[in-house]
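# Understanding the architecture of this molecule
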Amino acid sequence: MHGLQYKINKKATKMSSSVSQISQVLQNKAAPLKDRFRALFTLRNLGGNEAVDSIASCFDDDSVLLKHELAYCLGQMQNTYAIPHLIKVLEDRSQDAMVRHEAGEALGAIGDASALEVLSNYVQDPVVEVAETCQLAVSRLQWLAQKSSCETDLPSNPYSSVDPAPPSKLEEVTKLKESLLDDTLPLFQRYRAMFTLRNIGTTEAVLALAEGLRCKGALFRHEIAYVLGQIQSDACIRQLQANLEDTEESPMVRHECAEALGSIATSEATAILENYLKDKERVVRESAIVALDMSEYENSDQFQYADTLSKMNNGQITGCVS
């Protein structure tokens, strides 16, 4: 027993050291954004309260894109320790709508009923994207409490994401598409159809999803772009490009289209992204930078965590110590 305990403690010490090292990259405002993003997702994968505190410490950054991704990662970690951090962000009206929205979504992703009261306070928020996000999060928490045990035949999620809504029951793509595009239905119901189509993942399903990029509601269109990025099908490149190049489109949607193209990572998608490295919207410019790094990662055999540590130890990331 003592030997086993020693090994566990030694592993915990090594993990803590790794979290500390990676945190330096994330918290270093002089480091390239793409390196900070790699550090962020490495911390998400490492997990634990120390990683949560490190991620949450960066909500004072001036990059809306980074803060949006901080909240996303905290939600995906599903650690209840993050709830107070996320509530603070949701309640802070000085934060950008993209950041507050993601904090609300993250509270829903964690799935703990203790967040229900706070989320309910924002279902009528003046910022429509925040209000709709909190409505979805409340619906998810209610579904987890009431229906999740009854709906046992739902299609499985081939991705590792925690989604804002569960998938609906498996139906023909044409039926799911009807639900997806029907803006008279509750948003939670449309999201369920969206994630079922995402899980199906055929070209027919991808093209059905891509039609959602023309629907009302920036929050809805941004989620469509997100799931298209998850699928990584080149069948929707033109549709993503159309929303990205539309300067009248919400930055929330344009940024997600850029990241989706980075995930698809074909030469065509990469060529499109290179046109947006100097976009007038900062969140779009930064998304293009991160998306191109994502594209490079998808087309290489890099290992994110080892690569980040290697850059630190070789002095390639300024202001960090090994």
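Residues numbered from 1 in each chain as written. Predicted model: local features only at pLDDT ≥ 70, side-chain atom pairs only at ≥ 80, totals over all residues. Heavy atoms only, no water.

The name recorded for the chain in an unreviewed UniProt entry is Deoxyhypusine hydroxylase, from Biomphalaria glabrata. One UniProt comment on the chain, placed under Pathway (unreviewed entry), says "Protein modification; eIF5A hypusination." (UniProt positions renumbered as here; feature names shortened; annotations may be inferred.)

Time to look at empty space enclosed by the protein. A complete count under the given rule lists one cavity of 30 Å³ or more for this structure. By volume, the largest cavity amounts to about 50 Å³. Around the largest cavity, the lining residues are Glu105, Gly108, Ala109, Thr133, Leu136, Ala137, Arg140, Pro164, Tyr191 and Leu219. Elements supplying a minimum of two residues to the lining of the largest cavity: helix 6 (97–110) and helix 8 (128–146). Of the residues forming the lining of the largest cavity, the biggest block, four residues, is contributed by helix 8. (1 Å grid on protein atoms, 1.4 Å probe; cavity = no way out; pocket = protein on both sides within 12 Å on 5 of 7 lines; lining within 4 Å. Points joined across faces, edges and corners; volume = space filled by probe spheres on them. Helix = DSSP H or I, 4+ residues; strand = E, 2+ residues; numbered from the N terminus.)

Of the volumes computed, that of the largest pocket is approximately 970 Å³. As for the largest pocket, its lining consists of 35 residues, and the residues nearest its centre are Phe41, Arg44, Tyr72, Ser263 and Met294. In the lining of the largest pocket, the residues fall into twelve nonpolar, eleven polar and twelve charged. For the second largest pocket, the calculated volume is near 190 Å³. Looking at the second largest pocket, it is lined by 13 residues, and the ones nearest its centre are Val64, Asp96, Met98, Pro251 and Met252. Those elements giving two or more residues to the lining of the second largest pocket turn out to be helix 4 (64–77), helix 6, helix 14 (251–264) and helix 16 (282–298). No other element matches the three residues that helix 16 contributes to the lining of the second largest pocket. Of the residues assigned to the lining of the second largest pocket, the class counts are seven nonpolar, one polar and five charged. (Nonpolar A, V, L, I, M, F, W, Y, C, P; charged D, E, K, R; others polar.)

Our next topic: the UniProt feature "binding site: Fe cation 2" (unreviewed entry) in the chain. Taking the numbering used here, the UniProt-annotated feature "binding site: Fe cation 2" (unreviewed entry) corresponds to His222, Glu223, His255 and Glu256. In summary, the annotated positions, though distributed over 35 residues, converge in three dimensions, the widest C-alpha pair being only 11.2 Å. Lining the largest pocket, from the set of annotated residues above, are His222, Glu223 and Glu256. Following the sequence through the fold, histidine 222 ends up in helix 12 (residues 218–231). Assessed through its relative accessible area of 1%, glutamate 223 is described here as buried. (Buried < 20%, exposed > 50% of the residue type's maximum accessible area, 1.4 Å probe, protein only.)

Now for the packing of helix 13 (residues 237–245) against helix 14. Axis separation between helix 13 and helix 14 bottoms out at 8 Å; the angle between their running directions is 145 degrees. Crossing of helix 13 over helix 14 shows left-handed handedness. Residues Ile237, Leu240, Asn243 and Leu244 of helix 13 lie in contact with helix 14, whose contacting residues are Val253, Arg254, Cys257, Ala258, Ala260, Leu261 and Ile264. (Axes fitted to C-alpha atoms, helices over the stretch in contact; angles between N-to-C directions. Left-handed = near helix turned anticlockwise from the far one by under 90°. Contact = heavy atoms within 4.5 Å.)

As a further point, take helix 6. For helix 6, spanning 14 residues, the distance from its first C-alpha to its last is 20 Å, which sits close to the expected 20 Å at 1.5 Å a residue. Buried residues dominate helix 6, accounting for 13 of its 14 residues. Capping the start of helix 6 is the job of one residue whose side-chain oxygen sits 2.8 Å from the backbone nitrogen of methionine 98: aspartate 96. Positive backbone phi, approximately 80 degrees, marks glycine 111, located one or two places after helix 6. (Expected span 1.5 Å × (residues − 1). Polar contact = N/O pair within 3.5 Å; in protein donor to acceptor, adjacent residues only side chain to side chain.)

Before going further, it helps to examine the packing of helix 6 against helix 8. At a minimum axis distance of 8 Å, the contact between helix 6 and helix 8 shows a crossing angle of 5 degrees. Here helix 8 runs roughly parallel to helix 6, going by the angle between their axes. Residues Ala97, Arg100, His101, Gly104, Glu105, Gly108 and Ala109 of helix 6 form the contact with helix 8, whose own contacting residues are Glu129, Val130, Thr133, Ala137, Arg140 and Leu141. A per-class count over the contact of helix 6 with helix 8 returns five nonpolar, four polar and four charged. (Parallel < 35°, antiparallel > 145°, perpendicular 65-115°, else oblique.)

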